[in-house]
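What the coordinates show
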Amino acid sequence: MDLTVRQMDADEFQRQRQEVLGQWQTGKDVVFEEAVAYQKSLPKSKVFAEKLAEGKEKGMTFAQPRAGVALLNEHIELLRFLQDEGGADFLPSTIDSYTRQNRYTEAQAGIEESVMIGRSMLNGFPAVNHGVAACRQVIESVQVPVQVRHGTPDARLLAEITIAGGFTDFEGGGISYNIPYSKDVSIESTIKYWQYVDRLIGLYEEQGVKINREPFGPLTGTLVPPSISHAVAVIEGVLAVAQGVRSLTLGYGQCGNLIQDVAALHTLPVLAEEYLAKLGLPKVMITTVFHQWMGGFPQDEAKAFGVISWGAATAALGKATKVIVKTPHEALGIPTKEANAAGIRTTKQILTMLKDQTLPMTEELALEEEMILAETRGILDRVLDLGEGDAAVGTVRAFQAGVIDVPFAPSRYNAGKILPARDTSGAVRLLDFGNIPFDKRIKEFHRERIAQRGRDENRDPSFQMVIDDIYAIGKGMLVGRPRG
Ligand code: 5AD
């Protein structure tokens, strides 16, 4: 395989660029030098990396919603509402599913249908079809930085258009936007697509334009042990920095046990800095993003606010730089703007109440951090061994070998051999390790914690626990106990 972690060749980048910009007619409006000038004309208050750096220094936690509709004016109206009525610190543009699949003709039909019917017939903002000038209208209509949030295996054209359009943050990565989203796309191909995106951002950085990159932390969103999502986040960080990215926000999805979640937030930047240094890559700005509950939600809005609040409290106590907010409509589908704003207000109320509190370092928290560090290092060191030092090559081989294995992923490039389950306090552990390279001590720790749950529930640890855990939150619990 000609895959490598090393910086993409300039000729290869330009060759691909011709092809990428020709994939849809709006590609022709991307003119790099002009886009650099536009980005440089933005006030600091609209630049993600600047605001994140300020928040990190002050120990703040920012709130950001997800949101996107088909038509430009409605999209702008929605974002303004979330900014003014919700108090969003950062804004998103969530991209629709056709665009995520590079199906621009169908996205165009969705736009036209939305105009005819008078409401959004797409589940997000089709930024490629709207093009550079429309993206700039979005940026100019709001006062805070705006990020592209999506789930696109090949996001090269989307990145070209939105960054030329003034977006200052781009979510995703070659692993995190492949494994949870696709069945048949190879990891090798998506790593290459994302190296293009990261190299593009590297070129902007070389011109003095700051674009933040955010690997998608939660992966499949359900029962993902922190060490697995951390390993993926660190690899995507390494791959990005190798292409010239200089501002990274690493993500983690709420598991639900406060101690484990705070330990995960504490260890994520430590691991990223450690592996960037180990691989001889430059020190970059690293911040963290915590995702409120990514699993199933209760239908009842009052209960949903409870789930949202627990995520907000965890983000605040774990000192995440940013929290991605859920809405009381999560169980139903795309939220109304009012429901979306309500989720942000609930979250911000808790963030401000807890801003001066931290979780004290107890023996339990220290142990949890030690385990996450040891587990993640075990995975990452094996990835680097498999790649003979090359993180890109190692990643492909690691997925083949099940050394990285994401639970409940649809991808046939993922081994799917591990089984996660909660322990008796709700922390996510492994019931079946598959080929994850955990040492004896770590495996013993997981076994003992799950065995304790078995004793508490009078049953042997089994697959039934996993199923019970998946449905637990919908029934008002975190741990899926046999009888309530
Ligand atoms: N607007 C608001 N939220 C969205 N999500 C997906 N698309 C949109 C959209 N257009 C949310 C889902 C889920 C998460 C993965 O993204 O509700 O919470």
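Cut-off values and rules
- Residues numbered from 1 in each chain as written.
- Predicted model: local features only at pLDDT ≥ 70, side-chain atom pairs only at ≥ 80, totals over all residues.
- Heavy atoms only, no water.
- Near = heavy atom within 4 Å.
- Polar contact = N/O pair within 3.5 Å; in protein donor to acceptor, adjacent residues only side chain to side chain.
- Areas by Shrake-Rupley, 256 points an atom, 1.4 Å probe, with all protein chains shown as cover.
- 1 Å grid on protein atoms, 1.4 Å probe; cavity = no way out; pocket = protein on both sides within 12 Å on 5 of 7 lines; lining within 4 Å.
- Sits in = over half its atoms within 2 Å of the grid points.
- Buried < 20%, exposed > 50% of the residue type's maximum accessible area, 1.4 Å probe, protein only.
- Helix = DSSP H or I, 4+ residues; strand = E, 2+ residues; numbered from the N terminus.
- Right-handed = clockwise from strand over helix to strand, strands pointing away.
- UniProt positions renumbered as here; feature names shortened; annotations may be inferred.
- Contact = heavy atoms within 4.5 Å.
- Points joined across faces, edges and corners; volume = space filled by probe spheres on them.
- Nonpolar A, V, L, I, M, F, W, Y, C, P; charged D, E, K, R; others polar.
- Patch = residues over 30% accessible without salt bridge, like charges linked within 9 Å, V, L, I, M, F, W, Y side chains within 5 Å.
- Salt bridge = Lys/Arg side-chain N within 4 Å of Asp/Glu carboxyl O.
- Domains from an automatic or database assignment.
- Core = buried A, V, L, I, M, F, W, Y, C linked by side-chain atoms within 4.5 Å.
- Buried area = accessible area lost by both parts, 1.4 Å probe.

Thoughts on the site of the ligand
R66, A67, G68, T94, N123, G124, K326, E330, I334 and P335 make up every residue found near the ligand. Separating a nitrogen atom of the ligand from a backbone N or O atom of N123 is a distance of 2.8 Å. One of the side-chain N or O atoms of K326 is found 2.6 Å from an oxygen atom in the ligand. Expressed as a share of its isolated accessible area of 400 Å², the protein-covered part of the ligand is 78%. With respect to the pocket detection grid, the ligand is positioned in the largest pocket.

A look at the pairing of strand 6 (residues 247–253)
In terms of burial, strand 6 is largely enclosed, as seven of its seven residues are buried. The alternating pattern of strand 6 places S247, T249, G251 and G253 and L248, L250 and Y252 on opposite faces, both of which are buried. As a crossover connection, the stretch from strand 6 through helix 11 (residues 258–278) into strand 7 (residues 285–291) is right-handed.

Here's the deal with the UniProt feature "binding site: L-glutamate" (unreviewed entry) in the protein
UniProt records the feature "binding site: L-glutamate" (unreviewed entry) at R66, R100, R149, H150, E171, Y177 and Y181, using the numbering of this structure. As for the largest pocket, its lining draws on R66, R100, R149, H150, E171, Y177 and Y181 from among the annotated residues. Topologically, R66 is positioned in the loop between strand 1 (62–64) and helix 4 (72–84). Overall, the relative accessible area of 23% leaves R66 in the partly exposed class. The residues touching R66, leaving out its near neighbours within four places in the chain, are P92, T94, R149, H291, M294, I324, V325, K326 and N340.

Some words on the environment of V144
Within the secondary structure, V144 sits in the loop between helix 7 (127–141) and strand 3 (146–149). Classification of V144 as buried rests on a relative accessible area of 10%. Once residues lying within four places of it in the same chain are set aside, the contact partners of V144 are S45, K46, K51, Q83, A88, D89, F90 and L91.

Points about the layout of surface pockets
Here the largest pocket defines a volume of roughly 1,100 Å³. In terms of lining, the largest pocket is formed by 41 residues, of which the most central are R66, T94, N123, I334 and P335. Those elements that place two or more of their residues in the lining of the largest pocket are helix 4, helix 5 (97–100) and helix 13 (337–354). A breakdown of the residues in the lining of the largest pocket according to their chemical character gives 15 nonpolar, 15 polar and 11 charged.

Remarks on a nonpolar patch on the surface
On the surface, a cluster of nonpolar side chains totalling about 320 Å² of accessible area is made up of M116, I117 and M121. Mapped onto the elements, I117 comes out in helix 6 (residues 104–117).

Concerning the UniProt feature "binding site: adenosylcob(III)alamin" (unreviewed entry) in the protein
Mapped onto this numbering, the UniProt entry annotates "binding site: adenosylcob(III)alamin" (unreviewed entry) at G68, N123, P180, F297, K326, E330 and I334. As for the lining of the largest pocket, the annotated residues named previously contribute G68, N123, P180, K326, E330 and I334. Among the secondary structure elements, P180 is positioned in the loop between strand 4 (169–171) and helix 9 (187–206). With relative accessibility at 15%, the residue P180 sits in the buried group. Residue contacts for P180: discarding those within four places in its chain leaves I175, L219, T220 and P410.

Examining empty space enclosed by the protein
Going through the model one piece at a time under the given rule, you end up with five cavities of 30 Å³ or more. Here the largest cavity defines a volume of roughly 90 Å³. Taken together, G221, T222, L223, Q254, C255, W293, G295, G296, R422, D469, I470 and I473 make up the full set of residues lining the largest cavity. Grouping the amino acids of the lining of the largest cavity by side-chain chemistry returns five nonpolar, five polar and two charged. Viewed by domain, the lining of the largest cavity spans two of them, domain 1 (10–354) and domain 2 (417–484), each represented by three or more residues. Of the volumes computed, that of the second largest cavity is approximately 70 Å³. Lining the second largest cavity we find G217, P218, G221, T222, L223, V224, S229, Y252, G253, Q254, C255 and M294.

Notes on the nonpolar core
F170, Y204 and I379 are the most contacted members of the largest nonpolar core, which has 138 residues in total. In terms of domain composition, this core takes at least three residues from each of domain 1 (10–354) and domain 2 (417–484). In this structure, W293, F297, V307 and I473 belong to the second largest nonpolar core, which totals six residues.

Digging into the side chain of T168
Along the chain, T168 turns up in the loop between helix 8 (156–164) and strand 4. At 3.0 Å, the side chain of T168 and the backbone nitrogen of F48 are in polar contact. With residues near it in sequence (within four places) discarded, T168 still touches Q39, L42, K46, V47, F48, P145, V146, K210, I211 and N212.

Points about the side chain of S176
Note that S176 resides in the loop between strand 4 and helix 9. Within the structure, the side chain of S176 is placed 3.2 Å from the backbone nitrogen of F216, a separation counted as a polar contact. Beyond its immediate stretch of four places on either side in the chain, S176 contacts Y181, P215, F216, L219, V232 and E236.

Looking at the domain arrangement of the protein
What the domain assignment lists for the protein is domain 1 (10–354) and domain 2 (417–484). Between the C-alpha centres of domain 1 and domain 2 there is a distance of 31 Å. Counting residues at the interface gives 14 residues for domain 1 and 16 residues for domain 2. For the pairing of domain 1 and domain 2, the buried interface totals around 1,200 Å² over both sides, and the portion due to carbon and sulfur atoms is 72%. Looking only at domain 1, the three residues that lose the most surface to domain 2 are L223, N257 and Q260, adding up to 44% of its buried area. Along the contact surface separating domain 1 from domain 2 lie zero salt bridges. Taken together, the links from domain 1 to domain 2 amount to three residue pairs in polar contact (both at pLDDT 80 or more).

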